[in-house]
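# Close look at the chain arrangement
Below, each chain spelled out in residue letters.
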Amino acid sequence: MTGFLKKLVRDLEAPIEARGFGTGWFAGFFALLLAAAGLSFVIALRWPDWFATPELAIVLKSSGFRIVVHATLLASYALALLSLLLRPRKVLGMTALMVALAGTILGGASVQPREMHDWGVFFGVDFFAVNLVATGLMFAPLERLVPHRNKQRLFRPEWREDLFYFLISSMLVQLITFLALAPSSYLNAHGTVLSGIRAAVAGLPWAVQFILAMFLTDLTQYWFHRVFHRIPFLWGFHAVHHSARSMDWLAGGRMHFAEIVLLRGVTSLPLLTLGFLPSVMQAYIGMVYVYSSLVHANIRGDFDRLGRFIVVPRFHHWHHALEAEGIDKNFAIHFPWLDRLFGTHYFPKGRWPKGYGVPEAVPSGYLAQMRYPFVRKAG
C-alpha cells in the first residue's frame, strides 16, 4: 500500500513535460478531484449526523443534488478510464477509479441515510467537497492557462501539507465556528447599547451594507494582521502561514488553528453585531472564500491601476515576499488604501517578489507546525 501511495504522489508531482494535453495527466487529476468530491458527498448523505454541515442540509436534501452526485461519479469514471487509456503510468487513473468505486459501493446517488446516535457533533465532509470542487475547478485551470510562474507545478513542493490544512479547516468547521462566534454571541447577548447602530445599518441599501461590511472587516483584519506581525509570540502562529515557499490558490489555506479561530472571531464581530442583513453576511463570506484563494493564486497580471483600489494577487504576493522591502507590508485584504493610510503600502510597478517564505526554520508537517509557536525561540 505504501508503494502504491508513493507511485501516486510521484505521478501527481510529475514534471511539466509529462503533463501535457494528451498524456492523460489532466484526465487523471480531474478524475481524482471529482471522485474525491463524489465520495465525500455520498458519505455526507449516508451519515448526515456526523459528516454533513447543517447549513448545507437544504442542498443535500434537494432532488437535484443527487443528480449532481450521480454526474460527478460518472464524470470521474469517464475521466479515469480516459487517463488509463492515455497514460503509461496507470496509478493516477486507477486511484480515481477506486475512489469513485468506493462512492458507488457506499450507495452512490441513491444512498439512504443511516440512523445513528446523534451527539450533535459533525465533521464537514460535504463542506470540504464543496470547497475543493469550487476552488479547485476555478483556480487550478486558471493557474495553468495564465500562470505568473510558468514552471511552477500544480502539485508543487508542500502541496500535501497545504491540502491537509484545507481538509482540517473544512472538517472542523463546527468547532472553528463555535469558538470564533463566541465573542459576537456574547456581545449580542449583552450589547444593548448597539441597538441603535443595528437599526441604522439594517436600514441601509443592500449594496451599501455589503461595501460597509467589506470595509469594517478589512479595517479590523488589518490591525489584527499587523499585531500578529509585531508581537513575537503571535508571530509564531502567523509564521506558519508565511512559511509556504510557493504561492498558489491552495497556499492560502495554510494557517495555524489558533489563528483561524482568533481571526474569524475578531473579523466576524462587525458582521454579526452591527445589524447586517443575513444575505449580506452570506454573500460576503462566500466572496471571501473565493477572494482568499485568488490573492494567493499563481496568476499573472500586474494590475497596476486596479491594484490601487482593490487588492490583487501581486499586491498580496509582496506581503509574502522574502525581500526586505516587502516585509511587514500590505496587510489589507480588500482595500490597499488602508495600507497607504497607515504607512505600510508597497506595490512597485510591474515587479513581483523573487521568493516567498520566512527566514526562520519553520518545521514541516501539520503537528510540528501546530507546536511551533510554543517552542519557537524569538530571534
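All of the points below concern the structure found in this document. (Residues numbered from 1 in each chain as written. Predicted model: local features only at pLDDT ≥ 70, side-chain atom pairs only at ≥ 80, totals over all residues. Heavy atoms only, no water.)

### Here we look at the packing of helix α2 (residues 25-46) against helix α5 (residues 63-86)
Taken N-terminus to C-terminus, the directions of α2 and α5 make an angle of 150 degrees; their axes are 8 Å apart at the nearest point. With respect to α5, the axis of α2 lies roughly antiparallel. Handedness of the crossing formed by α2 with α5: left-handed. Residue-level inspection shows A27, G28, F30, A31, L34, A35, A37, G38, L39, F41, V42 and L45 of α2 in contact with α5, the latter providing F65, R66, V69, T72, L73, A75, S76, L79, A80, L82 and S83. Of the residues that constitute the contact of α2 with α5, the class distribution is 17 nonpolar, five polar and one charged. (Axes fitted to C-alpha atoms, helices over the stretch in contact; angles between N-to-C directions. Helix = DSSP H or I, 4+ residues; strand = E, 2+ residues; numbered from the N terminus. Parallel < 35°, antiparallel > 145°, perpendicular 65-115°, else oblique. Left-handed = near helix turned anticlockwise from the far one by under 90°. Contact = heavy atoms within 4.5 Å. Nonpolar A, V, L, I, M, F, W, Y, C, P; charged D, E, K, R; others polar.)

### Let's talk about helix α14 (residues 257-273)
Across its 17 residues, α14 extends 24 Å between first and last C-alpha, which sits within 8% of the 24 Å expected from 1.5 Å per residue. Residues of α14 that are buried: E259, I260, V261, L263, G265, T267, S268, P270, L271 and T273. A positive phi of about 90 degrees marks G275, the residue just after α14. (Expected span 1.5 Å × (residues − 1). Buried < 20%, exposed > 50% of the residue type's maximum accessible area, 1.4 Å probe, protein only.)

### Quick notes on the pattern of salt bridges
Following the criterion strictly, the structure yields eight salt bridges and no others. The salt bridge partner of E158 is R254, with a shortest N-O separation of 3.5 Å. Here the residue E158 occupies a position in the loop between α7 (125-145) and α8 (159-171), and R254 occupies one in the loop between α13 (232-242) and α14, the gap between them amounting to 96 residues. No difference in accessibility class separates E158 from R254, as the two residues are buried. The partner of R351 in a salt bridge is E325, with the nearest N and O atoms 3.1 Å apart. (Salt bridge = Lys/Arg side-chain N within 4 Å of Asp/Glu carboxyl O.)

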